[in-house]
Amino acid sequence: MFGPRKSIEKLSQRASGHSLAKTLSWPHLIALGVGAIVGTGIYTLTGVGAERAGPAVILAFAIAGAVCACAALAYAEMATLIPAAGSAYTFSYAAMGETIAWIVGWSLILEYSLACSTVAVGWSGYLVGWMQAAGLDLPQALLVGPHGGGIINLPAVIVALGVMGLLIAGTRESATLNIVLVIIKLAALSVFVAMALPAFQSSNLEPFMPYGFASTEIEGQKRGVMAAAAIVFFAFYGFDAVATSAEEAKNPGRDLTIGIIGSMVVCTLIYMAVAITAVGALPFLSLANSPEPLALVLRSLDHPVAAHLVALAAVIALPSVILVMMYGQSRVFFVMARDGLLPRALAKVSPRTGAPTRITLMTGISIAIVAGIFRLDEIAELANAGTLIAFMSVGACLMILRRRAPQLPRLFRCPQPMLVGTLTIAGCAYLLLSLPSSTLVRFAAWNVIGLLLYFIYGRTRSEAAREAATAGQAPA
């Protein structure tokens, strides 16, 4: 019904010959997760979330974190069961068949591409604010896209193309650089809380939920706690960095659970602390849609030096998030091309660097164009739609393979898999439906285009379809 499936046994055998040293314990995994998760979301989307939920953006962060924790547990089991490239795309190929895998892979391409664009736009907001505070002004036409009366967001374009150049050159973040960037990001958030919390006024939290809990349409805009959760969900991207470290964990069954849940709890608490500090220090309407909400709060409280440092920390640290996400997007695209669902020529790697240069070049240019033209909230919402579909598929894969192949070895076994899988699907579905209708229409159009491409090109050329035809495999 959904096309041929990949063999889990073959995927596992293919990966078993290249083992990694077991050097990570749960403190390492928590640090890895915090470093991967803390990024542009908390630096840039706090204002967007406050505009949609008011002070209850604090609750929105908690809800988004809980949904992501369920998805992370499902992802951890699948990553240890199928330790192969492609993440949710590969899991879906093995559990549900090629057609579903295509939809998930196509959604992942959207997720990673637009996530890069979102970070680029957020980075641009902090760079511009930092430059203006230093007395440097650029023409407004080069700082915002057509939606804001400008021509193009040039800083966002430059950072996207710069990261693309690094990936094409084969450059990778070293562990030391990653640790330094994590320290910078966390130090900036700590400075923000320390400087802004004394200005907390409980009156700024009233009314706590001015637009209610459920996502509702108010004056043509989605409002409510769940509408905010659907957008700040973006802030929790990155926990899969913990799940994919299963092979290197000293005690996967214990360490992965602590690492995944621990990093999610730590990041959720950090996010809630930053959010409650921001909306307690300034009325939420002042934060609404600010491209640099944390720096704005500090400047409003007459802390220009602290605002300058927080903005500078964002400028230094956020490009690392673009690098990781652009890397992930190019690798999903690469696996799909290698499987024959996209032109195999795209899967060609550079003999010098071993990187898929063509895909990276195409990805980087498209990311730069989107970042240069569209608004932050619109990009993040569409990226979230792709991620939510991918997370739902991982929850489904968890339950399907527990029933179909319970005997297969799993280094990490998700507790209560049927409950966790159901909560992942239900939570992500609710967040998906809480996105603006215009975003859902765009996401549907993206998938219609993708399915047309699949049925016209990929379905008859895929490697799995040819193998199934040769072996006489019945459709899954």
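Residues numbered from 1 in each chain as written. Predicted model: local features only at pLDDT ≥ 70, side-chain atom pairs only at ≥ 80, totals over all residues. Heavy atoms only, no water.

- The name recorded for the chain in an unreviewed UniProt entry is Amino acid/polyamine/organocation transporter, APC superfamily, from Novosphingobium panipatense.
- As its UniProt record puts it under Subcellular location (unreviewed entry), the chain is described as follows: "Membrane". (UniProt positions renumbered as here; feature names shortened; annotations may be inferred.)

## A short note on the overall build of the chain
Then step 1. Broken down by element type, the chain carries 20 helices and 2 strands.
Then step 2. For the chain, the residues scored as buried account for 56% of the 476 residues in total.
Then step 3. For the chain, the proportion of contacts with a sequence separation of at least 24, taken over those separated by at least 6, is 82%. (Helix = DSSP H or I, 4+ residues; strand = E, 2+ residues; numbered from the N terminus. Buried < 20%, exposed > 50% of the residue type's maximum accessible area, 1.4 Å probe, protein only. Contact = heavy atoms within 4.5 Å.)

## Notes on the layout of surface pockets
Then step 1. The space that makes up the second largest pocket amounts to roughly 540 Å³.
Then step 2. Looking at the second largest pocket, it is lined by 22 residues, and the ones nearest its centre are Leu110, Ser113, Leu114, Val370 and Trp446.
Then step 3. Counting residues per element, the ones that place at least two in the lining of the second largest pocket are helix H6 (98-133), helix H15 (319-338), helix H16 (357-373), helix H17 (376-404) and helix H19 (437-461).
Then step 4. Partitioned by chemical class, the residues of the lining of the second largest pocket number 15 nonpolar, 5 polar and 2 charged. (1 Å grid on protein atoms, 1.4 Å probe; cavity = no way out; pocket = protein on both sides within 12 Å on 5 of 7 lines; lining within 4 Å. Points joined across faces, edges and corners; volume = space filled by probe spheres on them. Nonpolar A, V, L, I, M, F, W, Y, C, P; charged D, E, K, R; others polar.)

## Some points on helix H5 (residues 88-95)
Then step 1. Counting buried positions over the 8 residues of H5 gives 8, a clear majority of the element.
Then step 2. Positioned one or two residues after H5, Gly97 has a phi angle of 110°, which is positive.

## What to know about the pattern of salt bridges
Then step 1. A complete count under the given rule lists 4 salt bridges for this structure.
Then step 2. A salt bridge links Arg223 to Glu51, with the shortest nitrogen-to-oxygen separation between them at 2.7 Å. Taken together, the residues Arg223 in strand E2 (residues 221-223) and Glu51 in helix H3 (residues 40-53) connect sequence positions 172 residues apart. Of the two residues, Arg223 and Glu51, both sit in the buried class.
Then step 3. Close ionic contact of Glu77 with Arg402 constitutes a salt bridge, the shortest N to O distance being 2.8 Å. In this pair, Glu77 sits in helix H4 (residues 57-81) while Arg402 sits in helix H17, placing the two residues 325 residues apart along the sequence.
Then step 4. For Arg402, a relative accessible area of 15% translates into the label buried. (Salt bridge = Lys/Arg side-chain N within 4 Å of Asp/Glu carboxyl O.)

## What about helix H7 (residues 154-168)?
Then step 1. In a regular helix each residue adds 1.5 Å, so 15 residues correspond to 21 Å; H7 covers 21 Å between its end C-alpha atoms and thus fits that length.
Then step 2. Pro155, Ala156, Val157, Val159, Ala160, Val163, Met164 and Leu167 are the residues of H7 that are buried.
Then step 3. In this structure, the buried residues of H7 make contact with H6, H15 and H16. (Expected span 1.5 Å × (residues − 1).)

## A look at the packing of H6 against H7
Then step 1. The N-to-C vectors of H6 and H7 enclose an angle of 120°; their axes lie 8 Å apart at closest approach. By the angle class used here, H6 and H7 are oblique. Crossing geometry of H6 relative to H7 is assigned as right-handed. On H7, the residues that touch Ala120, Val121, Trp123, Ser124, Leu127 and Val128 of H6 are Pro155, Ala156 and Val159.
Then step 2. Residues belonging to the contact of H6 with H7 are distributed by class as follows: 8 nonpolar, 1 polar and no charged. (Axes fitted to C-alpha atoms, helices over the stretch in contact; angles between N-to-C directions. Parallel < 35°, antiparallel > 145°, perpendicular 65-115°, else oblique. Left-handed = near helix turned anticlockwise from the far one by under 90°.)

## Quick word on a nonpolar patch on the surface
Then step 1. On the surface, Leu161, Leu361, Ile365, Ile369, Ile373 and Phe374 cluster together into a nonpolar patch covering about 490 Å² of accessible area.
Then step 2. Here the nonpolar patch gets 4 residues from one element, more than from any other, and that element is H16.
Then step 3. Counting through the fold element by element, Phe374 comes out in the loop between H16 and H17.
Then step 4. Since its relative accessible area comes to 43%, Phe374 is described here as partly exposed. (Patch = residues over 30% accessible without salt bridge, like charges linked within 9 Å, V, L, I, M, F, W, Y side chains within 5 Å. Areas by Shrake-Rupley, 256 points an atom, 1.4 Å probe, with all protein chains shown as cover.)

## Quick notes on the side chain of Ser263
Then step 1. Assignment of secondary structure puts Ser263 in helix H11 (residues 252-281).
Then step 2. A polar contact of 2.8 Å, which involves the side chain of Ser263, links it to the backbone oxygen of Gly259. (Polar contact = N/O pair within 3.5 Å; in protein donor to acceptor, adjacent residues only side chain to side chain.)

## Quick word on the packing of H7 against H16
Then step 1. Interaxial distance between H7 and H16 falls to 8 Å at its minimum, and their mutual angle equals 170°. Comparing their axes, H16 and H7 come out roughly antiparallel. Residue-level contacts link Ala156, Val157, Ala160, Leu161, Met164, Leu167 and Ile168 of H7 to Thr357, Thr360, Leu361, Gly364, Ile365, Ile367, Ala368, Ala371 and Gly372 of H16.
Then step 2. In terms of residue class, the contact of H7 with H16 is made up of 12 nonpolar, 4 polar and no charged.

## A short note on the environment of Trp130
Then step 1. Position of Trp130 relative to the elements: it lies in helix H6.
Then step 2. For Trp130, a relative accessible area of 24% translates into the label partly exposed.
Then step 3. Separated by 180 residues in sequence, Trp130 and Val310 have C-alpha atoms that sit 9.1 Å apart.
Then step 4. Leave out the neighbours within four places in its chain, and Trp130 touches His308, Ala311 and Leu312.

## Structural notes on the state of the cysteines
Then step 1. This structure, assessed with the given rule, holds 0 disulfides.
Then step 2. Free cysteine Cys68: the closest other cysteine sulfur is in Cys428, separated by 6.9 Å.
Then step 3. Overall, Cys68 belongs to the buried group, its relative accessible area being 1%. (Disulfide = S-S within 2.5 Å.)

## Considerations on the packing of aromatic side chains
Then step 1. All chains considered together, the criterion is met by 10 aromatic pairs.
Then step 2. For the pair Tyr89 and Tyr93, a centre-to-centre distance of 5.6 Å together with 70° between the ring planes defines the contact as edge-to-face. Taken together, the positions of Tyr89 and Tyr93, both in helix H5 and 4 residues apart, correspond to about one turn of that helix.
Then step 3. Look at Tyr93 and you get buried, because its relative accessible area is 0%.
Then step 4. Here the aromatic residues Trp102, Trp106, Trp446, Tyr454 and Phe455 are joined through ring pairs into a cluster of three or more. (Phe/Tyr/Trp six-rings, centres within 6.5 Å; stacked < 30°, edge-to-face > 60°.)

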